[in-house]
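Structure assessment
Here is how the chains run, residue by residue.
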Amino acid sequence: MIKNIFYCLFLVFNLIFFSINSIANEINDNSRYEISILTIGEGSSLADAFGHSGIRVKDLHDNSDIVYNFGLYDYSSPNFYSNFVKGRPQYKLGVQNYSNFVRNYEKEKRYIFEQQINIDEKSKEQIINLLEKNLKNPYYTYDYLRDNCATRIADLIIENTNNKFKTEKIENKTQISFRNLIHDKINENSWAALGIDLCLGAVIDQKINLRETLFMPEMLMNYLDEFNSEVNFINKKTIYIPETKNFYKESITSPLLVNLIFSLIIIITTVFNFKNNHWSKILDVIIFLITGSVGILVLYLWFFSDHIAAAQNFNFLWAFPFNFALIFGIYKNKTPNWFIGYIKLLIILIILLFLHWLTGVQKYNITLLSIFMALLIRYSFLVYYIKKNKK
């Protein structure tokens, strides 16, 4: 009897010992890796205007501390610029030492936040394995709205953590568009914003869902912050905050001023032409050269490049690509019969542009408003002048 009692106690103590040992080992294993999302603030150049994201992986067993960076590119690589214009820029995943990574952004005076995600060891290993797999073929075709440093990280943590970071509302529509988020980071009265608004079409004015907003590193950070307020398994800390906030800025004359001056030149010249019954043809040559060139760029990006965001670009309503044809008709001894009809078409197109703008189909850069008005006045004058002098 006593032997049986001691034997049972022996079995119980062994069971407790092995259970404790197993739990200890599990805790030890779970603490091997630390995975964090690093969010970098805006920089002063256009390439850095939207911030940056990286994944920090700290191995407590091997004492390694690295950052997986999906935002590496090489301006000097073959065909980099031509591929960028075509919509096929090649970016790649690289690995950097954490200390060097942080030091570089501190030099650029860009804020750095870290969000350590507390997930199970299996999910950590799955994320690390996927990152290592991507390193074997590190290059990918970069898409500034749908496939960049932030979206790749968002996909990794949303799809590979047993839905811990996937909420029901992640696919819900917001009241935000891609263009709204772009303008939040770049002043609309800048040449960069003007270029973006000229090259990207109505597709970026559509309301996007919450997941689509995560192309912006700061939006990914905010999503995790909001998510953490409900579940509380993200540890956030500040790595670096500059004394003054960094942002993209231009030191040249603003497009608003340049466009206003050009618009005034068009309107004042038109007023003098109307009073003196004169046609300053050189002005219209310049107008049709500029609008025709912009129109060709718009159509190229829409139909002949891989820039998905350049589709449905109604900037061609004011920058009509066939305006070059008018230049040949301007200096003919007798104005061609089709000339007035073409100018009337341009007037109709600009009126349609304003309807698009008012109804929200596409948002045009505000600095172009004076140009649109000046073109309406100039085209109306040309119809009046040519009709009058034909009689």
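In this report, the structure presented in the accompanying data block is examined. Because the structure is a prediction, the values reported are computed rather than measured.

Calculation notes
- Residues numbered from 1 in each chain as written.
- Predicted model: local features only at pLDDT ≥ 70, side-chain atom pairs only at ≥ 80, totals over all residues.
- Heavy atoms only, no water.
- Pairing = 2+ DSSP bridges.
- Helix = DSSP H or I, 4+ residues; strand = E, 2+ residues; numbered from the N terminus.
- Axes fitted to C-alpha atoms, helices over the stretch in contact; angles between N-to-C directions.
- Buried < 20%, exposed > 50% of the residue type's maximum accessible area, 1.4 Å probe, protein only.
- Polar contact = N/O pair within 3.5 Å; in protein donor to acceptor, adjacent residues only side chain to side chain.
- Contact = heavy atoms within 4.5 Å.
- Expected span 1.5 Å × (residues − 1).
- Arc of directions from axis to C-beta.
- Parallel < 35°, antiparallel > 145°, perpendicular 65-115°, else oblique.
- Left-handed = near helix turned anticlockwise from the far one by under 90°.
- Nonpolar A, V, L, I, M, F, W, Y, C, P; charged D, E, K, R; others polar.
- Core = buried A, V, L, I, M, F, W, Y, C linked by side-chain atoms within 4.5 Å.

**Here's the deal with the sheet that holds strand E2 (residues 52-59)**
One open sheet holds the seven strands; their spatial order is E6-E4-E3-E2-E1-E5-E9, and the pairing between them is antiparallel. Two strands lie at the open edges of the sheet, namely strand E6 (139-141) and strand E9 (234-240), each paired on one side alone. Between one strand and the next, the sheet's axes are offset by a mean angle of 25°, whatever the strand orientation. Bridging between strand E1 (residues 33-40) and E2 involves eight bridges; their strand directions are antiparallel. In the strand pairing of E2, Glu34 is matched with Lys58.

**Regarding the environment of Lys334**
Assignment of secondary structure puts Lys334 in the loop between helix H11 (324-330) and helix H12 (338-359). You can call Lys334 exposed: its relative accessible area is 63%. Between the C-alpha atoms of Lys334 and Lys390, which are 56 residues apart in sequence, the distance is 9.0 Å.

**Overview of the side chain of Glu42**
As for its placement among the helices and strands, Glu42 is situated in the loop between E1 and E2. Take Glu42: its relative accessible area is 7%, and that puts it in the buried class. Of note is the side chain of Glu42, whose polar atom sits 2.5 Å from the side chain of Lys185. In this structure Glu42 touches Asp48, Ala49, Gly51, Arg110, Tyr111, Lys185, Glu218, Lys245, Asn246 and Phe247, once residues within four positions along its chain are discounted.

**Here's the deal with helix H9 (residues 255-276)**
Over its 22 residues, H9 runs 31 Å from end to end, which matches the ideal 32 Å to within 8%, given 1.5 Å per residue. By the burial criterion, the buried members of H9 are Pro255, Asn259, Ser263, Ile266, Thr270 and Asn273. Burial along H9 is one-sided: seen end-on, the buried residues are contained in an arc of 90°. With respect to the buried face of H9, the exposed residues turned more than 90 degrees away are Phe272, Lys275 and Asn276. Buried residues along H9 sit in contact with helix H7 (191-199), helix H10 (281-303) and helix H13 (369-390). Phi turns positive, to about 50°, at Asn277, one or two residues after H9.

**As for the pairing of strand E3 (residues 64-72)**
With five bridges connecting them, E2 and E3 associate as antiparallel partners. Each bridged residue has a counterpart across the sheet, and for Ile55 the counterpart in E3 is Tyr68. Counting the residues in the hairpin turn of E2 and E3 gives four residues, including Asn63, whose phi is positive at 60°.

**Focus on the packing of H12 against H13**
Running from N to C, H12 and H13 cross one another at 155°; their axes reach a closest spacing of 9 Å. Considering the angle they form, H12 stands roughly antiparallel to H13. The interaxial crossing formed by H12 with H13 has left-handed handedness. For the pair formed by H12 and H13, the contact residues are Phe339, Ile340, Ile343, Lys344, Leu346, Ile347, Ile350, Leu353, Phe354 and Trp357 on the first element and Leu369, Phe372, Met373, Leu375, Leu376, Tyr379, Ser380, Leu382, Val383, Ile386 and Lys387 on the second. Its residues assigned to classes, the contact of H12 with H13 shows 18 nonpolar, one polar and two charged.

**Focus: the nonpolar core**
One finds Phe288, Trp318, Ile343, Leu346, Phe372 and Tyr379 to be the most contacted residues of the largest nonpolar core, which totals 44 residues. Counting residues per element, the ones that place at least two in this core are H7, H10, H11, H12 and H13. Ignoring sequence-local partners within four residues, the contact set of Trp318 consists of Leu198, Thr291, Val294, Ile350, Leu353, Leu368, Phe372 and Leu375. The next biggest cluster of nonpolar side chains, apart from the first, holds 32 residues, and it includes Ile119, Ile153, Leu156 and Ile157.

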